[in-house]
Amino acid sequence: MIASMVLLSVNAINASADWRQEIGVFRIGVVATDDVPGTLARIEPFRLSVSEALEMDVEFFPTSNSRSLIDALVGERIEYAILSASGFALASVRCKCVEPLVIPRSTDSTDGYHIIGITRDGNDLNPEKLSTMNTAMISRNSITGAEFVKHLLEKEFPTQTNFEVNFQSKETSEETQEAFANGEYDVLFGWSSLTGDPGAGYSRGTLRQLLDKSFSINALRVGWKSPQIPHRPHVVRKNLPGDAKNRLRDTLVNLFDRDPVAYDSIEPVFGGGFTAARNERFRELTEFLETYNTTDPDLNPTDEQNPSQ
């Protein structure tokens, strides 16, 4: 009996060591567009934290843009990446080989946001009239922009067949907000946390920004909202061994409290710690991209609806 227990322990140790030997070096993909050495130096505390958790060598794999990062993940050149929600959905559609580990929370404790349609005079959004209204979109190029909104509206209002909406935008989100404020647009599609005080425009988002610019809440209304879209997830390949995934998830969920320097180095935008992620949180984006031309070179796998502030 004792011999059998010793043999089982040895086998368990060997199995634990095998996945490290098979991987060799654990590679984390990051987007570094300008100062690559400076970027890698800034996030070095995170690399050290992951290396300690996995008990193996960890390297950063810098890429020039989000598409290259997704290519590296799908092509098995890296094991780990930090993607936008739409970037994860795009990678998932391409290979079904990735899964989310954690999602960062904002300081208001939310781990996602909603696309919202802001209307005037306290009215709900009337999809039948959208084609005749002057409609603006805060972000013109992101996946979570006009085409995604059309997809959601068609799904929510299946009997309405005319969604030929002419979404317009200015050069910047600030200019688009200003045009809406001046009456140039009837509806403005932006984003919101939809948590906190509605009278203040909620905790974060386009409505809050409009109210901070002295708009009257009585004249504005959230006439439509999307399902919640998660903040950018930390993602691994599905074929990563379970022991490695568990170690990473435990480290990340506790990183904010145990190693705030490492947390701030890799997540300077959302200051509320990580929460465990679930695949179904990305279902709406994945369903949309399954019908979208994901090879389109103009498709931008970022979440521009959700700026950093």
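None of these values were measured; they are calculated from a predicted model.

**Student:** Tell me about the state of the cysteines, and name the residues and values.
**Tutor:** This model, assessed by the stated rule, comprises one disulfide. Across the disulfide, Cys95 is cross-linked to Cys97 (sulfur-sulfur distance 1.8 Å). Between Cys95 and Cys97 the sulfur-sulfur dihedral comes to about -65°; the bridge is accordingly left-handed. Here Cys95 falls in the partly exposed class, since its relative accessible area comes to 25%. On the basis of relative accessibility, which here comes to 11%, the residue Cys97 falls in the buried class.

**Student:** Break down the confidence of the model for the chain for me, citing the residues and quoting the values.
**Tutor:** For the chain, the average pLDDT comes to 87, and 85% of its residues sit at 70 or higher. In this model residues 6-14 is a low-confidence stretch, pLDDT under 50, and it forms zero contacts with partners more than four residues away in sequence or in other chains.

**Student:** A description of the packing of helix H5 (residues 85-95) against helix H12 (residues 283-290) should follow, citing residues and the corresponding values.
**Tutor:** Running from amino to carboxyl end, H5 crosses H12 at an angle of 55°, the nearest separation of the two axes being 9 Å. The pairing of H5 with H12 is recorded here as oblique in orientation. Handedness of the H5/H12 crossing: right-handed. Counted together, Ala85, Ser86, Ala89, Leu90 and Val93 of H5 and Leu285, Thr286, Leu289 and Glu290 of H12 form the full contact between these two elements.

**Student:** Would you mind going over the packing of aromatic side chains in detail, with residue names and values included?
**Tutor:** Summed over the entire model, instances satisfying the criterion amount to nine aromatic pairs. Judged by centre distance (5.4 Å) and plane angle (75°), the rings of Phe167 and Phe189 are edge-to-face. Taken together, the residues span a long stretch of sequence, with Phe167 in strand S7 (residues 167-168) and Phe189 in strand S8 (residues 187-192) at a distance of 22 residues. The class of Phe189 is buried, set by a relative accessible area of 0%. Judged by centre distance (4.9 Å) and plane angle (65°), the rings of Tyr263 and Phe274 are edge-to-face. Taken as a pair, Tyr263 in helix H11 (residues 260-266) and Phe274 in strand S12 (residues 274-276) lie far apart in primary sequence, eleven residues in all. Looking at Tyr263, the relative accessible area reads 0%, which means it is buried. One aromatic cluster is present, built from ring pairs that chain together Phe26, Phe46 and Tyr80. Its guanidinium or amino end placed over the ring of Phe180, Arg120 lies 4.3 Å from that ring's centre, counting from NZ or CZ.

**Student:** Can you explain the pattern of salt bridges? Please cite residues and give values.
**Tutor:** Any two side chains of opposite charge can pair, given that their charged atoms come close. Under the counting rule described, the total for this entry stands at 20 salt bridges. For Lys96, the salt bridge identified is with Glu290, shortest N-O distance 3.2 Å. Placement of the pair is Lys96 in the loop between H5 and strand S4 (98-104) and Glu290 in helix H12, with a sequence separation of 194 residues. A salt bridge links Lys245 to Glu99; the nearest nitrogen and oxygen atoms lie 2.6 Å apart. With a gap of 146 residues between them, Lys245 in helix H9 (residues 242-253) and Glu99 in strand S4 connect regions that are remote in the sequence. Overall, Glu99 belongs to the buried group, its relative accessible area being 17%. By sharing partners, the salt bridges in this structure join Arg20, Glu55, Asp243 and Arg247 into a single network.

**Student:** Let's hear about the packing of helix H3 (residues 44-54) against H9: which residues, and what values?
**Tutor:** Following both chains from N to C, one finds H3 and H9 inclined at 135°, their axes separated by 9 Å at the closest point. Comparing the axis directions of H3 and H9 gives the class oblique. In the packing of H3 onto H9, the handedness of the crossing is right-handed. On H9, the residues touching Phe46, Ser49, Val50, Ala53 and Leu54 of H3 are Ala244, Arg247, Leu248, Thr251 and Leu252. In terms of residue class, the contact of H3 with H9 is built from seven nonpolar, two polar and one charged.

Calculation rules
- Residues numbered from 1 in each chain as written.
- Predicted model: local features only at pLDDT ≥ 70, side-chain atom pairs only at ≥ 80, totals over all residues.
- Heavy atoms only, no water.
- Disulfide = S-S within 2.5 Å.
- Buried < 20%, exposed > 50% of the residue type's maximum accessible area, 1.4 Å probe, protein only.
- pLDDT = per-residue confidence, 0-100.
- Contact = heavy atoms within 4.5 Å.
- Axes fitted to C-alpha atoms, helices over the stretch in contact; angles between N-to-C directions.
- Helix = DSSP H or I, 4+ residues; strand = E, 2+ residues; numbered from the N terminus.
- Parallel < 35°, antiparallel > 145°, perpendicular 65-115°, else oblique.
- Left-handed = near helix turned anticlockwise from the far one by under 90°.
- Phe/Tyr/Trp six-rings, centres within 6.5 Å; stacked < 30°, edge-to-face > 60°.
- Lys NZ or Arg CZ within 6 Å of the ring centre and 35° of its normal.
- Salt bridge = Lys/Arg side-chain N within 4 Å of Asp/Glu carboxyl O.
- Nonpolar A, V, L, I, M, F, W, Y, C, P; charged D, E, K, R; others polar.

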